[in-house]
Amino acid sequence: IGFCMGGLQAYRAAVSSSGCDAAVGFYGARIAAEGGKPRCPTLLLFGANDQYIPTADIEAVTARHAGTVVYPGVGHGFMRDGSDSYDEEAATDGWRRMLAFLATHLGSLRQQGGG
C-alpha cells in the first residue's frame, strides 16, 4: 500500500516482485510511464483533478488497468485527513475498497496457509 510516491513504489513492486501478493496505490504519479504488467492483483486509485498527475496519465493508467478507480472532482492527497486536499467521501470509499481488495486477495492466502 502506498500513497503518492509510495503509490508508485507499490505499483513497481507489483510489476517487478514475485513476492508481492497484492498491491494498492493511491495517487501514484508516473505510473503511466511505467512499463510492465503487475504480477499480482493491483488496485489503483486517483483523484480526477489531481494537480500533480496529468489527466492524460490517469486516463492511460485506467485504459491499461481495469478496475482503476478515479474520483471525479477530487485532487491529489484526498486520503490525507486534516489537510486541505482531504475529501471525506473519496477517502472513506477508497479505504473501504482497499480493505475489501486486500481481504479478497490476501485473505485467500491465509486460508491456503500462505502469507
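Caption draft 1: Representation of the pattern of salt bridges. Counted according to the given criterion, the structure contains 3 salt bridges. Across the salt bridge formed by Asp-93 and Arg-96, the nearest N and O atoms sit 2.6 Å from each other. Pair noted here: Asp-93 and Arg-96 are both in helix H3 (residues 88–111), with a separation of 3 residues, about one helical turn. The class for Arg-96 is partly exposed, based on a relative accessible area of 49%. The closest approach of N and O atoms between Asp-93 and Arg-97, which form a salt bridge, is 2.6 Å. Of the two residues, Asp-93 and Arg-97 are both situated in helix H3; the distance of 4 residues between them amounts to about one turn of the helix. Salt bridges sharing partners connect three or more residues here, namely Asp-93, Arg-96 and Arg-97.

Caption draft 2: Structural context of the pairing of strand E3 (residues 42–47). With 5 of its 6 residues buried, E3 lies for the most part within the structure. Pairing of strand E2 (residues 23–26) with E3, which is carried by 4 bridges, proceeds in the parallel orientation. From the neighbouring strand, Ala-23 faces E3, where its bridge partner is Thr-42. Handedness of the E3-helix H2 (residues 55–64)-strand E4 (residues 69–71) crossover: right-handed.

Caption draft 3: Quick look at unusual backbone geometry. Within the chain, Tyr-27 stands out as a residue other than glycine whose phi angle is a positive 40°. Here Tyr-27 is to be found in the loop between E2 and E3. In this structure Tyr-27 comes out as buried when scored by relative accessible area, which is 4%. Phi angles above zero are rare outside glycine, and Arg-30 is one such case at about 75°. Arg-30 sits in the exposed class, given a relative accessible area of 53%.

What counts, and where the lines are drawn
Residues numbered from 1 in each chain as written. Predicted model: local features only at pLDDT ≥ 70, side-chain atom pairs only at ≥ 80, totals over all residues. Heavy atoms only, no water. Salt bridge = Lys/Arg side-chain N within 4 Å of Asp/Glu carboxyl O. Helix = DSSP H or I, 4+ residues; strand = E, 2+ residues; numbered from the N terminus. Buried < 20%, exposed > 50% of the residue type's maximum accessible area, 1.4 Å probe, protein only. Pairing = 2+ DSSP bridges. Right-handed = clockwise from strand over helix to strand, strands pointing away.

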